[in-house]
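Results of the structural survey
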Amino acid sequence: RYEPTWGSLDARPLPDWFDEAKFGVFIHWGVFSVPSFGSEWFWWYWQKEKREPYVKFMEANYPPGFRYEDFGPLFTAEFFDANQWADILKASGAKYVVLTSKHHEGFTLWGSKYSWNWNAVDVGPKRNLVAELAASVRNRTDLHFGLYHSLFEWFNPLFLEDATNAFKTRKFPTSKSLPELYEIVTKYQPEIIWSDGDGNAPDTYWNSTGFLAWLYNDSPVRDTVVTNDRWGLGSICTHGGFYTCSDRYNPGHLLPHKWENCMTIDRSSWGYRRDARLDDYLAIEDLVKQLAETVSCGGNLLLNIGPTHDGRIAVVFEERLRQVGAWLKVNGEAIYGTKPWRAQNDTVTPGVWYTFSPKEGKVNAIFLNWPVSGTLQLGEPQAKLGETQVKLAGYKELLKWVALGEKGMVIALPQLSPQQLPCQWGWTLQLTDIN
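All values reported here derive from a predicted model rather than from experimental measurement. (Residues numbered from 1 in each chain as written. Predicted model: local features only at pLDDT ≥ 70, side-chain atom pairs only at ≥ 80, totals over all residues. Heavy atoms only, no water.)

Per the secondary structure count, the protein chain includes 12 helices and 14 strands. For 435 residues, the compact-globule estimate of 2.2 N^0.38 gives 22 Å, and the protein chain sits close to it at 23 Å. Among the 435 residues that make up the protein chain, the fraction classed as buried is 58%. For the protein chain, restricting intrachain contacts to residue pairs at least 6 apart in sequence, the fraction spanning at least 24 positions comes to 69%. Carbon and sulfur atoms provide 51% of the accessible area of the protein chain, an area that totals close to 18200 Å². Looking at charge distribution, the protein chain has the averaged site of its 43 positive side-chain charges lying 2 Å from that of its 50 negative ones. (Helix = DSSP H or I, 4+ residues; strand = E, 2+ residues; numbered from the N terminus. Rg over C-alpha atoms; globule rule 2.2 N^0.38 Å. Buried < 20%, exposed > 50% of the residue type's maximum accessible area, 1.4 Å probe, protein only. Contact = heavy atoms within 4.5 Å. Areas by Shrake-Rupley, 256 points an atom, 1.4 Å probe, with all protein chains shown as cover. Lys, Arg positive; Asp, Glu negative; His and termini not counted. Charge placed at Lys NZ, Arg CZ, Asp CG, Glu CD.)

In structure tokens form, the structure reads like this:
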């Protein structure tokens, strides 16, 4: 049994499924999807920081005295079809999904008895959005279902009172945050608890170690659940299950601890923005590059989309997810279930990232640029004459190559027209029997 101490909890082995999965989809959805302007931090920027674009936006478009709470009934979700979402998630090639069950605004997407009149069953959609998505994901896909949960809430009076008392009192975690966590685990049995938002309070205030000890020992998901590292001030990149370290974290080198790169397709927001321009969205080339770099360095990629207030996944997000899925259909063997190789990227040719498939004993070289010369030099793998074989994922015939001894090898790529390429936006060479 795990003790409620970081020493004991940090020693828990991460369930294997998470490292094997490599790719998940993050979904930021909530009342902030109604103004859908600027950022999911809309309430904070408008009311607390009084940032000019947000103040002007409200003055120009809403009556005087309009409060953030008044956005609640406008969060309608009338087009939300959990089955359709599940089908898009499946088509993306993702192996897990993480939904924001509650963001820093405190609005819960399930009918929480600890969030009276500020949840999706009492206000707005009048539907249990967490339960609907959980059911569809489990019925229609093999994705692991996870939930994001914000520890703190910007404007909750109990939290503000505790903060004023320098967190010597603990009214908020005992009456709101912790009961919600126990509630979502017991009701929806998520296999990821993605915690966030410590409100500058230490883990002792949140009783994070007490909750995690219960989660790992006695909860219905004790054997399969995975957690991140955001459990109180100072715990990030230090304690918990996998490390996130910061948003959009991509170190570019191997880390000694399992980590995740959580990032957004929209460069500047996690929630949906009506004011986004096409240039604000990352292209599929960028996403494939992030995926290859992240996995080669031992990480998982958690790619975020923000649905609309009426429950749609905008077509630009759907297209990107389906493009990643199409790429993974061809190159998935170089991603799923792989381990980092002795080299992460190539020393001679830039834009080449390595993974290792332990079951097949294959080294995978993912290259992001198709060379004009038709030949690709790899400085890292050392080939063995008469033994080494080189394949291009999605192409039948073996490729010819020349060994350069300690300087690696040169591979002759097939002469293909753009239409004949096995995929676009990055390709995989599979090398067997190399030193």
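Back to the text.
Turning next to the packing of helix α7 (residues 157-164) against helix α8 (residues 171-188). Where α7 meets α8, the closest approach of the two axes is 8 Å, and the angle between their N-to-C directions is 150°. Comparing the axis directions of α7 and α8 gives the class roughly antiparallel. The handedness of the crossing between α7 and α8 comes out as left-handed. Contacts between α7 and α8 pair Leu158, Phe159, Glu161 and Asp162 from the former with Lys171, Phe172, Pro173 and Ser175 from the latter. Residue composition of the contact of α7 with α8, grouped by class: four nonpolar, one polar and three charged. (Axes fitted to C-alpha atoms, helices over the stretch in contact; angles between N-to-C directions. Parallel < 35°, antiparallel > 145°, perpendicular 65-115°, else oblique. Left-handed = near helix turned anticlockwise from the far one by under 90°. Nonpolar A, V, L, I, M, F, W, Y, C, P; charged D, E, K, R; others polar.)

All right, on to the pattern of salt bridges then. This model, assessed by the stated rule, comprises 27 salt bridges. Between Arg1 and Asp218 there is a salt bridge, and its shortest N-O distance comes to 2.9 Å. Highlighted residues: Arg1 in the segment before α1 (6-9) and Asp218 in the loop between α10 (208-217) and β5 (226-227), separated in sequence by 217 residues. Salt-bridge contacts for Lys56 lead to Glu52; the nearest nitrogen and oxygen are separated by 3.1 Å. Taken together, the residues Lys56 and Glu52, both in helix α4 (residues 52-61) and four residues apart, mark about one turn of the helix. (Salt bridge = Lys/Arg side-chain N within 4 Å of Asp/Glu carboxyl O.)

A separate point is the nonpolar core. Among the nonpolar cores identified, the biggest contains 125 residues, and Ile27, Leu378 and Leu429 are the most heavily contacted of them. Formed jointly, this core draws a minimum of three residues from each of two domains, domain 1 (6-334) and domain 2 (339-432). Once residues lying within four places of it in the same chain are set aside, the contact partners of Leu378 are Asp346, Val352, Tyr354, Ala365, Lys407, Gly408, Met409, Ile411, Leu429 and Leu431. Ranked by size, the runner-up nonpolar core spans 14 residues in total, among them Trp17, Tyr148, Ile192 and Cys262. (Core = buried A, V, L, I, M, F, W, Y, C linked by side-chain atoms within 4.5 Å. Domains from an automatic or database assignment.)

Okay, the packing of α8 against α10 next. Following both chains from N to C, one finds α8 and α10 inclined at 15°, their axes separated by 11 Å at the closest point. Between α8 and α10, the angle falls in the class roughly parallel. Between α8 and α10 lies a crossing whose hand is right-handed. Where α8 abuts α10, its residues Leu178, Leu181, Tyr182, Val185 and Thr186 lie against Gly210, Phe211, Trp214 and Leu215. Its residues assigned to classes, the contact of α8 with α10 comprises seven nonpolar, two polar and no charged.

If you check UniProt for "site: May be important for catalysis" (unreviewed entry), the listed places come out as Cys262 in our numbering. Cys262 gets classed as buried once you look at its relative accessible area, which sits at 0%. The residues contacting Cys262, other than those within four sequence positions of it, are Phe26, Trp194, Arg230, Ser246, Asp247, Arg248, Tyr249, Trp270 and Leu302. (UniProt positions renumbered as here; feature names shortened; annotations may be inferred.)

Let's shift gears to the environment of Leu376. Summarising the element assignment, Leu376 is placed in strand β10 (residues 375-378). Here Leu376 falls in the buried class, since its relative accessible area comes to 3%.

Below, the discussion takes up the packing of aromatic side chains. The tally for this structure, following the rule as stated, stands at 54 aromatic pairs. Ring geometry for Phe42 versus Phe57: centroids 6.0 Å apart, planes at 80°, classification edge-to-face. Of this pair, Phe42 sits in helix α3 (residues 42-48) while Phe57 sits in helix α4, placing them 15 residues apart in sequence. The class of Phe42 is buried, set by a relative accessible area of 0%. Given a relative accessible area of 13%, Phe57 falls into the buried group. On the basis of an interplanar angle of 55° and a centroid distance of 4.9 Å, the ring pair of Trp341 and Tyr354 is categorised as tilted. One end of the pair, Trp341, is in the loop between α12 (315-331) and β8 (352-357); the other, Tyr354, is in strand β8, with 13 residues separating them in the sequence. (Phe/Tyr/Trp six-rings, centres within 6.5 Å; stacked < 30°, edge-to-face > 60°.)

Quick look at the pairing of β8 now. As a general feature of sheets, a regular strand has side chains that alternate between the two faces. The buried count for β8 comes to five of six residues, which makes it a mostly enclosed element. As paired strands, β8 and strand β9 (residues 362-367) are joined by six bridges and run antiparallel to one another. When the sheet's bridge partners are listed, Val352 is paired in β9 with Phe367. Count of turn residues in the β8/β9 antiparallel hairpin: four residues, of which Gly361 carries a positive phi of about 65°. (Pairing = 2+ DSSP bridges.)

So, about the state of the cysteines. Within the structure shown, the criterion is met by one disulfide. Two residues, Cys237 and Cys245, share a disulfide whose sulfurs are 2.0 Å apart. Every disulfide takes its handedness from the sign of the S-S torsion; for Cys237 and Cys245 that torsion is 70°, giving right-handed. With a relative accessible area of 15%, Cys245 lands in the buried category. Sulfur of Cys297: no disulfide; nearest cysteine sulfur belongs to Cys245 and is 13 Å away. (Disulfide = S-S within 2.5 Å.)

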